[in-house]
Amino acid sequence: MEIGVGYFATHDAMDPGALARLVEERGHESLFFAEHTHIPAARTTPYDAGGDLPRKYWHTYDLFVTLTAAAAATSRLRVGSGVCLVIERDPITTAKEVASVDLLSGGRLEFGVGAGWNREEMANHGTDPRKRMTVLRERVEAMKQIWTEDEASYHGDHVSFERIWSWPKPAQRPHPPVLVGGHGPTVLDRVLSFGDAWFPNHRGPQIVERAQELWSRAERPIDVMVMGAPNDPRVIETYEAAGIRRLVHWLPSGHRSVVERELDAWESAVAEVHGTT
């Protein structure tokens, strides 16, 4: 099982390049960054995790600038989006950003995607929250055409273009892994439709149960990776025994000393199971 970390890269905390170097030096396999273009000041959608929304949500750097900084500072570390809110992005532009980071990093990008939970945020980008799952699917499908075809076309209800040229192509073939986030009742359908892996947040034993359902339905290899794994050796051991490929633990957004303390705790929990990170 692979071990990584996640981070909200904010302008008032440890910068993504320095963090990436630290994480790589300490032997972690991957580093994932969260994305929010903004947070509406007037918001009725409740925070998915409950309680008040942490301020880091509206203080993050741009996702692809962050990924570029992390990739440029490292040579082995997998860098990824955890997750990219594709429903808030133009698919042609995003396809070029993904391909550019993947090529410049030597094929180290993990492309986590999701539809998000903040309805006001997505509405500000012109996306009808009621149609966000269809928008997500079409935009990912359209990007795959751009990544894999010299002359790409796509026609859907929300994305449509005819015969376009777009380079560079990604270093990874046919494209970087598409990791589908989410927990809803139809998320496994989306993974099976256009994902290479399911990438849910840690929510207890139901993740393992649903992973088994996913694998029983799949007609091709599909990985399961869990974001937000806790510092609990029993949880880590359970996920490993179930065949989960990667666990990612959220680090706090803060100065180096704050980040290192949490890294120590995460590595200690992993060491109880693995012996090393």
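Please read all numbers here as calculations on a predicted model, not as lab measurements.

Caption draft 1: Just the pattern of salt bridges, in detail. Scanning the model with the defined rule gives 20 salt bridges in all. Here R89 ties to D62 by a salt bridge, and the two come within 3.6 Å at their closest N and O atoms. A residue pair is termed long-range when its members are at least 10 positions apart, and R89 in the loop between β3 (78-85) and α3 (91-104) and D62 in the loop between β2 (30-33) and α2 (63-72) qualify at 27 residues. The class of R89 is buried, set by a relative accessible area of 12%. Through salt bridges with shared partners, one network takes in E2, E29, R78, E110, D223, R245 and R246.

Caption draft 2: Representation of the environment of V83 in the model. Looking at the element boundaries, V83 is found in strand β3. On the accessibility criterion, V83 (19% relative accessible area) is buried. On a C-alpha basis, the gap between V83 and G116 in space is 8.5 Å, while along the polypeptide they are 33 residues apart. Sequence-distant contacts of V83, defined by excluding residues within four places in its chain, comprise F33, E35, G112, V113, G114, G181 and F199.

Caption draft 3: Examining the packing of aromatic side chains more closely. Counted according to the given criterion, the structure contains seven aromatic pairs. Between the aromatic rings of F8 and W250, the centroid separation amounts to 5.2 Å while the plane-to-plane angle is 45°, which identifies the pairing as tilted. Placement of the pair is F8 in the loop between β1 (2-7) and α1 (16-25) and W250 in strand β10 (residues 246-250), with a sequence separation of 242 residues. When the centroid spacing of 5.8 Å and the interplanar angle of 55° are considered together, the rings of Y47 and W117 count as tilted. Of this pair, Y47 sits in the loop between β2 and α2 while W117 is found in the loop between β4 (109-114) and α4 (119-124), placing the two residues 70 residues apart along the sequence. This pair shows no difference in class: Y47 is buried, exactly as W117 is. By the ring-pair criterion, three or more aromatic residues cluster together here, those being F8, Y47, Y57, W117 and W250. Directly above the aromatic system of W167 lies the positively charged group of K169, at a separation of 4.5 Å from the ring centroid.

Caption draft 4: Up close: the packing of α3 against helix α5 (residues 132-148). In contact at an axis separation of 9 Å, α3 and α5 are set at 55° when each is read in the N-to-C sense. In terms of orientation, α3 and α5 fall into the oblique class. The way α3 lies across α5 gives a crossing that is right-handed. Each of P91, I92, T94, A95, V98 and A99 in α3 lies in contact with α5, whose residues at this interface are R139, M143, I146 and W147.

The rules behind each value
- Numbering of residues starts from 1 in each chain and follows the order in which that chain's sequence is written.
- Residues qualify for local features only when their pLDDT is at least 70, as the model is predicted, and side-chain atom pairs are given and counted only at 80 or more; totals for whole chains, interfaces and linings, by contrast, use all residues.
- Excluded from the side-chain calculation are hydrogens and water; included are all heavy atoms of the structure.
- The term salt bridge refers to a side-chain nitrogen of Lys or Arg lying within 4 Å of a carboxyl oxygen of Asp or Glu.
- Segments assigned H or I by DSSP are reported as helices when at least four residues long, segments assigned E as strands when at least two residues long, and all are numbered from the N terminus.
- Only protein chains enter the accessibility calculation, which uses a 1.4 Å probe. A residue is then buried if its area is under 20% of the maximum for its type, exposed if over 50%, and partly exposed in between.
- We call two residues contacting when some pair of their heavy atoms lies within 4.5 Å.
- Paired rings are identified among Phe, Tyr and Trp, the last through its six-membered ring, by centres lying within 6.5 Å, and are further divided according to the angle between planes into stacked (under 30 degrees), edge-to-face (over 60) and tilted (the rest).
- Geometrically, a lysine NZ or arginine CZ counts as sitting over a ring once it is within 6 Å of the ring centre and also within 35 degrees of the ring normal.
- Axis lines are fitted through C-alpha atoms, for helices just across the contact stretch, and the angle between N-to-C directions can take any value from 0 to 180 degrees.
- Between 65 and 115 degrees an angle is taken as roughly perpendicular, under 35 as roughly parallel, over 145 as roughly antiparallel, and anywhere else as oblique.
- By definition, any crossing whose near helix is turned counterclockwise from its far helix by less than a right angle is left-handed, and any crossing with a clockwise turn is right-handed.

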